[in-house]
Amino acid sequence: MPAPAPIDPRLLRVFVTVAEELHFTRAATRLYVAQQALSRDVRRLERELGAELFLRTTRQVALTADGARLLPYARRVLAAQDALLAAFGQARPLLVDLNSPGLETGRRVLHRARELAPDGELMARYESGLTGAAADLLAGRLDASFGRFAGLDPALRSGLEQQPVRFERMAVILPSDHRLADLAEVPLAALAGETVYAGAGNERTLEWTDLAFCLFEGRSVAVAPPLPLAVGEEEFERIMAKNRNPILGVVGFPAIPGTVARPLVDPVPLSPVSLVWRKGLVHPGVDALRRAAAEIARAEGWLQQPSDGWIPATDQEVMDAHK
């Protein structure tokens with residue numbers, strides 16, 4: 001019997017992308033290729049394997065039994081190829097989600113990682129909270145992100161790794177004529193009776209809304225009901241100005257016209273931030289991110305908690321597990 005012909009890893013990458021998207025147009029966009037070329041590559045792989053990998057109809061794409069059988073093998077081959085290229089300095093670009101252009105922690109870690117790995121390419125995107133990013137991490141559409149790891153569903157956490165980076169002080173963003181706006185710091189008790197916006201209804205930032213519920217429990221502070229999901233800085237500012245709810249944020253939150261940001265105190269609530277990536281991912285860019293995060297955290301005391309700091313017990317356990 002003749003030896004089987006080797007399979008081009010590029011075809012396997014096309015297959016895995018289509019299997020993850022179950023949509024040829026989205027898969028082609030993700031791979032920066034024409035849909036016709038992507039379909040041609042799938043057909044070529046099916047010929048080489050002698051198996052149909054996808055069931056295609058006008059309405060949907062689904063894996064066949066052979067396609068489902070191939071998927072874990074293909075992922076292992078691609079992971080090994082990525083590791084090999086990384087070992088010889090030929091790694092693909094690394095995609096990192098920073099959530100918002102105005103947030104400091106992830107941006108500073110990324111900038112330092114670029115200095116530590118000048119020959120690599122670390123690309124930033126600004127799309128999502130950690131819940132939204134986690135699904136992309138597990139699907140291979142994203143490589144790293146930042147956020148509250150303990151706030152993820154355990155099923156998501158099981159496929160991810162994390163490194164604590166920072167305890168960010170939390171703040172409240174107030175309309176400039178709000179009754180508390182003249183205070184230099186806002187005691188949590190002073191928010192009693194207020195309704196505070198914390199992203200409720202945004203499926204990409206569930207971990208942040210959950211943190212707000214934990215913080216406000218028993219303090220007579222309500223979390224604002226879902227608002228229209230505002231995409232873009234201008235729309236977010238418009239919706240917030242229209243509703244005039246205080247906004248839960250962090251110290252250093254991007255400035256919003258007509259508002260003031262005030263740190264929260266008594267106690268000092270903290271937002272735990274971790275660097276998060278997919279289990280088994282081998283890439284020099286991840287190594288650079290981890291080194292950068294540890295370096296800055298040590299130099300600036302990012303992981304030191306004030307004596308009157310507050311975080312949920314579950315978050316403390318997650319952060320302490322990596323000390």
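Residues numbered from 1 in each chain as written. Predicted model: local features only at pLDDT ≥ 70, side-chain atom pairs only at ≥ 80, totals over all residues. Heavy atoms only, no water.

**Quick look at the pairing of strand 11 (residues 259-265)**
Next up, step 1: Note: strand 6 (residues 160-175) against strand 11, five bridges, orientation antiparallel. Its bridge partner being in strand 11, valine 172 is matched across the sheet by arginine 262. (Pairing = 2+ DSSP bridges. Helix = DSSP H or I, 4+ residues; strand = E, 2+ residues; numbered from the N terminus.)

**Description of unusual backbone geometry**
Next up, step 1: The residue after aspartate 266, namely proline 267, is reached through a cis peptide bond having omega 0°.
Next up, step 2: Here proline 267 shows up in the loop between strand 11 and strand 12 (268-278).
Next up, step 3: Located in the positive-phi region is asparagine 99, a residue other than glycine, with phi close to 70°.
Next up, step 4: Among the structural elements, asparagine 99 can be located in the loop between strand 3 (94-97) and helix 5 (104-116).

**Examining the environment of lysine 242**
Next up, step 1: Inspection of the secondary structure assignment puts lysine 242 in helix 9 (residues 233-243).
Next up, step 2: Residue class for lysine 242 comes out exposed when judged on its relative accessible area of 65%.
Next up, step 3: Along the backbone, lysine 242 and alanine 155 are 87 residues apart, and their C-alpha atoms lie at a distance of 37 Å. (Buried < 20%, exposed > 50% of the residue type's maximum accessible area, 1.4 Å probe, protein only.)

**Re helix 11 (residues 313-320)**
Next up, step 1: Burial in helix 11 covers these residues: Asp315, Val318 and Met319. The arc that holds the buried residues of helix 11, viewed along the axis, is 95°, so those residues lie on one side. Set apart from the buried face of helix 11 by more than 90 degrees, the exposed residues are Ala313 and Glu317.
Next up, step 2: Where helix 11 is buried, its residues meet strand 6 and strand 12. (Arc of directions from axis to C-beta. Contact = heavy atoms within 4.5 Å.)

**So, the confidence of the model for the chain**
Next up, step 1: In the predicted model, the chain carries a mean pLDDT of 88, and 92% of its residues have values of at least 70.
Next up, step 2: Between the elements of the chain, mean pLDDT differs from a low of 69, seen in helix 9, to a high of 98, seen in strand 7 (residues 186-187). (pLDDT = per-residue confidence, 0-100.)

**Side note on the environment of glutamate 194**
Next up, step 1: Here glutamate 194 shows up in the loop between strand 7 and strand 8 (195-196).
Next up, step 2: According to the relative accessible area criterion, glutamate 194 is buried, its value standing at 14%.
Next up, step 3: Distance in space between the C-alpha atoms of glutamate 194 and serine 220 is 7.9 Å, their sequence separation being 26 residues.

**Observations concerning the pairing of strand 12**
Next up, step 1: Burial runs high along strand 12: 11 of the 11 residues are buried.
Next up, step 2: Judged from the four bridges that link them, strand 5 (residues 144-147) and strand 12 form a sheet pairing that is antiparallel. Paired with alanine 144 across the strands is tryptophan 277, a residue of strand 12.
Next up, step 3: Pairing between strand 12 and strand 13 (residues 309-310): two bridges, direction parallel. Paired with proline 269 across the strands is tryptophan 310, a residue of strand 13.

**What to know about the nonpolar core**
Next up, step 1: Ranked by internal contacts, the top residues of the largest apolar core, which has 23 residues, are Val96, Val109, Phe146, Val165, Leu275 and Leu289.
Next up, step 2: Secondary structure elements with two or more residues in this core: strand 3, helix 5, strand 5, strand 12 and helix 10 (284-300).
Next up, step 3: Not counting the four nearest positions on each side in its chain, phenylalanine 146 is found in contact with Val96, Asp97, Leu98, Gly106, Val109, Leu130, Val165, Val273, Ser274 and Leu275.
Next up, step 4: In terms of nonpolar packing, the next biggest core, distinct from the first, is built from 21 residues, Met170, Leu174, Ala198 and Trp310 among them. (Core = buried A, V, L, I, M, F, W, Y, C linked by side-chain atoms within 4.5 Å.)

**Remarks on the pattern of salt bridges**
Next up, step 1: In the structure shown here, the tally under the stated rule is 20 salt bridges.
Next up, step 2: Note that glutamate 21 and arginine 26 form a salt bridge whose closest N and O atoms lie 3.2 Å from each other.
Next up, step 3: For the salt bridge of arginine 141 with glutamate 21, the shortest nitrogen-to-oxygen distance reads 3.5 Å. You can see arginine 141 sitting in the loop between helix 6 (130-139) and strand 5 and its partner glutamate 21 sitting in helix 1 (residues 9-21), a full 120 residues away along the chain.
Next up, step 4: Among the residues examined, glutamate 21 registers a relative accessible area of 13% and is labelled buried.
Next up, step 5: If you follow the salt bridges from partner to partner, you end up with Glu21, Arg26, Asp97, Arg125, Glu127, Asp136 and Arg141 in one network. (Salt bridge = Lys/Arg side-chain N within 4 Å of Asp/Glu carboxyl O.)

**Thoughts on the packing of helix 1 against helix 2 (residues 24-31)**
Next up, step 1: Axis separation between helix 1 and helix 2 bottoms out at 8 Å; the angle between their running directions is 130°. Relative to helix 2, helix 1 is oriented oblique. Helix 2 is crossed by helix 1, and the crossing has right-handed handedness. Contacts between helix 1 and helix 2 involve Val14, Thr17, Val18, Glu20 and Glu21 from the first element and Phe24, Arg26, Ala27, Arg30 and Leu31 from the second.
Next up, step 2: Tallied by class, residues from the contact of helix 1 with helix 2 come to five nonpolar, one polar and four charged. (Axes fitted to C-alpha atoms, helices over the stretch in contact; angles between N-to-C directions. Parallel < 35°, antiparallel > 145°, perpendicular 65-115°, else oblique. Left-handed = near helix turned anticlockwise from the far one by under 90°. Nonpolar A, V, L, I, M, F, W, Y, C, P; charged D, E, K, R; others polar.)

**Some remarks on the side chain of glutamate 168**
Next up, step 1: Within the secondary structure, glutamate 168 is located in strand 6.
Next up, step 2: Buried within the structure, glutamate 168 lacks any salt-bridge partner; its nearest side chain of opposite charge belongs to arginine 166, at an N-O separation of 4.4 Å.
Next up, step 3: In terms of polar contacts, glutamate 168 uses its side chain to reach the side chain of threonine 105, at 2.5 Å. (Lys, Arg positive; Asp, Glu negative; His and termini not counted. Polar contact = N/O pair within 3.5 Å; in protein donor to acceptor, adjacent residues only side chain to side chain.)

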